[in-house]
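Working through the structure, step by step
The primary structure of each chain is shown beneath.
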Amino acid sequence: MKNKFLYIALIAIVTCGTLTAQNKKVAKGTKQYDNYAYVDAIKTYERIFAKGYKSQDMLQKLGDSYYYKGDLPNAAKWYSELFAFAPENPAEYYFRYAQSLKSTNDYAKADQMMLKFNQLSGNEQRAKLAVSQKDYLAQIKKNSGRYTLENAGINSEYSDYGAAFFDKKLVFTSARDTGSLGKRKHTWTGESFTNLYTADIGEQGALSNPNRFERGLNTRVNESTCAFTKDGKTVYFTRNSFLEKREKNSKGSTLLKVYTATFENGKWGNIKELPFNSIDYQTAHPALSSDEKTLYFVSDMPGTKGSSDIYKVAINGDGSFGTPVNMGDMINTEGRESFPMVTSEGEFYFASDGHPGLGGLDVFYAKIQADGSIKHVHNVGEPINSSKDDFAYLINEKDRTGYVSSNRDGGNGNDDIYLFKENTRLVDCEQAVHGIVTDKETAKPLAGVTVVLQDQNFKILKVMKSDAEGKFDFGKQDCETKFYINSKLPEYNTVDTPVMTPNETGKTFVPVEMERTVKPVTVGDDVFKAFGIKIIYFDLDKSNIRPDAAIELAKILDLLEQYPTMEIDVRSHTDCRQTYKYNMSLSDRRAKSTVAWLVKNGIAASRLTGKGYGESQLVNDCACEPTNKSDCTEEQHQANRRSEFIITKL
């Protein structure tokens with residue numbers, strides 16, 4: 001099985017009542033396909049097609065065989081035949097066709113296929129990402145040009161990929177056949193089984209002298225992608241399920257597992273499989289955190305969102321392991337996520353075909369925050385990424401040189417390793433949100449103001465007080481994001497200031513002006529006139545509290561907390577549409593809903609009264625009795641759908 005893709009095909013075989021000679025050949029191709037023998041399946045299907053036979057199922061499997069094999073241009077060719085023969089297919093085929101079309105640089109048609117995929121797939125993560133990142137090519141272009149890239153110099157005519165640092169050498173995966181294991185071919189790829197090799201690392205990362213890695217790890221099955229501890233005494237590596245003998249699952253397939261080995265007495269031994277392996281699902285591509293307390297890996301174990309997801313697992317002090325944890329929706333999609341790599345600075349790199357990219361697998365970057373969360377995922381751009389498969393990113397943090405694998409055009413073999421130099425770092429777009437609070441009348445700075453940063457759903461993110469100069473600083477926040485800044489100070493009206501940060505790294509300055517509340521207040525006053533707090537509005541035929549109304553109610557809440565003996569009467573109204581009786585009932589519900597919001601948020605019910613007035617107190621000439629119809633605009637009717645607040649006791 002080609003370690004690069006880690007995919008299990010679960011497609012039922014459709015049988016007919018009587019198999020003709022042609023149908024027997026189709027059945028043969030299907031059996032080869034179901035056994036992951038994609039090279040053989042391709043040969044069988046293409047011979048049948050050349051003789052004039054075609055079916056939707058066969059064309060799906062023929063396209064899939066190339067897709068899983070990593071030959072996306074040929075996958076695009078056969079998916080084109082599929083859609084010409086059968087225009088309607090399951091959603092996943094629109095996605096695979098789109099990915100394959102990108103490999104031929106046909107991005108316009110690929111976007112059309114993704115649009116259809118979005119329509120068919122509903123709330124699928126890949127569809128959401130495609131919709132939210134319609135300008136993905138522009139964003140990729142913005143991230144591009146930060147690297148220089150060249151062939152690493154040790155590639156063969158076969159697949160060479162994956163990389164790990166070890167003892168001033170690079171350890172990589174190769175399907176090159178040096179003769180020691182014979183010429184056994186893998187039916188997935190048509191190449192020899194892969195083994196681990198080493199290469200010397202010279203000046204500026206240049207590679208030379210490729211040799212097979214020590215015998216202790218390589219066997220007659222596939223070995224690939226590995227990670228070493230800093231002391232060079234422990235390795236985690238990928239292998240087909242094999243220790244003393246080859247293990248097969250119930251379908252007769254030998255899947256991938258992650259193993260560990262230790263270096264003792266000058267050789268690698270004590271090989272053990274990790275406890276979360278299974279013969280029923282795959283694990284592969286291990287990567288270690290800098291402190292060596294976390295192992296990242298790839299799997300399609302139960303709970304996996306897509307074809308393969310990235311997981312992390314704690315390595316305990318005694319060498320045991322915790323429970324694997326899925327990296328979550330920010331990283332994993334319903335597609336393929338693979339080849340994780342993390343630096344000591346929390347730079348997390350991985351390959352994916354589920355996030356919007358240039359085609360096939362692309363390399364992506366995310367910054368792991370101090371609390372372990374991930375806010376953004378970025379495509380690292382060209383030349384690291386191309387229209388083909390790009391994966392297995394590895395970087396030396398000190399000099400920012402590294403290696404990436406790709407099957408792009410112009411290489412030596414199927415997959416090749418490329419040497420890169422990162423000249424400009426990619427960072428999350430961040431805006432430093434800061435400002436100053438001043439008195440509206442005097443323009444003097446106000447110290448000690450409680451300033452609260454809230455997200456667009458009014459969730460509190462940060463709370464602080466303005467300094468002696470009235471200044472506040474919330475630090476770095478997300479770009480292109482809406483915030484609210486709530487400012488409170490005794491004897492001043494509470495102020496809510498909306499803020500939209502731009503889509504570029506920089507600073508966002510927010511000036512806040514606050515108005516004193518020293519105006520004389522008496523029983524019977526409207527809080528709008530006395531304190532500048534607006535009346536609240538309702539949607540047509542609704543009594544629920546809208547988000548904009550919640551902002552004003554929060555000010556009422558603050559007012560009642562500042563004046564603990566104050567009592568308020570809530571007076572609610574409707575527009576003229578509907579009957580007089582219905583509107584009285586609706587306005588009563590609005591009054592009760594308004595009072596309930598304040599009570600829920602801590603105000604004693606004894607301090608509040610409420611009554612509905614229906615359409616009896618319109619604020620404009622928009623009456624419509626007795627017909628319940630009016631020529632007024634919706635904006636005019638909205639002015640009547642309101643709750644007012646009258647002070648009844650101080």
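This text follows the structure it describes.
Here the structure is a predicted model, which is why all the values come from computation and not from measurement.

Within the protein, the regular secondary structure consists of 12 helices and 31 strands. Computed over its C-alpha atoms, the radius of gyration of the protein comes to 32 Å, more than 25% above the 26 Å expected for a compact globule of 650 residues. Taken over the C-alpha atoms alone, the protein extends approximately 100 × 65 × 45 Å along its principal axes. Across the 650 residues in the protein, those meeting the buried criterion constitute 53%. Relative to all contacts within the protein whose residues are 6 or more apart in sequence, the contacts with residues 24 or more apart total 58%.

The next thing to look at is the packing of helix H4 (residues 72-85) against helix H5 (residues 91-102). For any two helices packed against each other, one specifies the crossing angle of their axes together with the interaxial distance. In the contact formed by H4 and H5, the axes pass within 8 Å of each other and the chain directions differ by 135 degrees. As judged from the angle between their axes, H4 and H5 are oblique. Here the hand of the crossing between H4 and H5 comes out left-handed. Contacts between H4 and H5 involve Leu 72, Ala 75, Ala 76, Tyr 79, Ser 80, Leu 82 and Phe 83 from the former and Tyr 93, Tyr 94, Arg 96, Tyr 97, Gln 99, Ser 100 and Leu 101 from the latter. Across the contact of H4 with H5, the residue classes break down as 10 nonpolar, three polar and one charged.

Looking now at the nonpolar core. Counting residues in each nonpolar core, the largest one holds 32 residues, and the members touching the most others are Tyr 67, Tyr 79 and Phe 117. Going through the elements one at a time, helix H1 (21-34), helix H2 (38-50), helix H3 (56-69), H4, H5, helix H6 (107-121) and helix H7 (125-132) are the ones with two or more residues in this core. Looking at which element gives the most residues to this core, the answer is H5, with seven residues. Here Tyr 79 is in contact with Gln 60, Gly 63, Asp 64, Tyr 67, Tyr 93, Arg 96, Tyr 97 and Ser 100, once residues within four sequence places are set aside. Listed in part, the 24 residues of the second largest apolar core include Tyr 147, Leu 170, Tyr 197 and Leu 426.

The subject of this paragraph is the pairing of strand E20 (residues 416-422). Looking along a regular strand, one sees the side chains alternate between the two faces of the sheet. Taking burial as the measure, the seven residues of E20 include six buried ones, the bulk of the element. Strand direction decides the pairing type here: strand E1 (residues 147-151) and E20, joined by five bridges, are antiparallel. When the bridges of E20 are listed, Glu 150 appears paired with Leu 419.

The next point concerns the state of the cysteines. Following the criterion strictly, the structure yields three disulfides and no others. In this model, Cys 429 is linked to Cys 479 through a disulfide, with the two sulfur atoms separated by 1.9 Å. Disulfide Cys 429-Cys 479: torsion about the S-S bond near -85 degrees, hence left-handed. Here Cys 479 lies in the loop between strand E24 (471-478) and strand E25 (482-488) and Cys 429 lies in the loop between E20 and strand E21 (430-439), a separation of 50 residues in the sequence. Here Cys 429 matches Cys 479 in class, with each residue buried. Each sulfur of the disulfide joining Cys 622 and Cys 632 lies 2.1 Å from the other. Here the disulfide of Cys 622 and Cys 632 is left-handed, its torsion about the S-S bond being about -100 degrees. Pair noted here: Cys 622 is in the loop between strand E30 (608-612) and helix H12 (634-640) and Cys 632 is in the loop between E30 and H12, with a separation of 10 residues, a long-range link. Taken as a pair, Cys 622 and Cys 632 share a single burial class, namely buried.

Right, let's get into helix H8 (residues 136-143). Taken residue by residue, H8 has Tyr 136, Ile 140 and Asn 143 as its buried positions. Projected down its long axis, H8 shows its buried positions confined to an angular sector of 60 degrees, all on one face. Summarising the geometry of H8, the exposed residues directed more than 90 degrees from the buried face are Lys 141 and Lys 142. Considering only its buried residues, H8 is in contact with H5, H6 and strand E17 (378-379). Backbone geometry just after H8 places Gly 145 at a positive phi near 80 degrees.

Cut-offs applied
Residues numbered from 1 in each chain as written. Predicted model: local features only at pLDDT ≥ 70, side-chain atom pairs only at ≥ 80, totals over all residues. Heavy atoms only, no water. Helix = DSSP H or I, 4+ residues; strand = E, 2+ residues; numbered from the N terminus. Rg over C-alpha atoms; globule rule 2.2 N^0.38 Å. Buried < 20%, exposed > 50% of the residue type's maximum accessible area, 1.4 Å probe, protein only. Contact = heavy atoms within 4.5 Å. Axes fitted to C-alpha atoms, helices over the stretch in contact; angles between N-to-C directions. Parallel < 35°, antiparallel > 145°, perpendicular 65-115°, else oblique. Left-handed = near helix turned anticlockwise from the far one by under 90°. Nonpolar A, V, L, I, M, F, W, Y, C, P; charged D, E, K, R; others polar. Core = buried A, V, L, I, M, F, W, Y, C linked by side-chain atoms within 4.5 Å. Pairing = 2+ DSSP bridges. Disulfide = S-S within 2.5 Å. Arc of directions from axis to C-beta.

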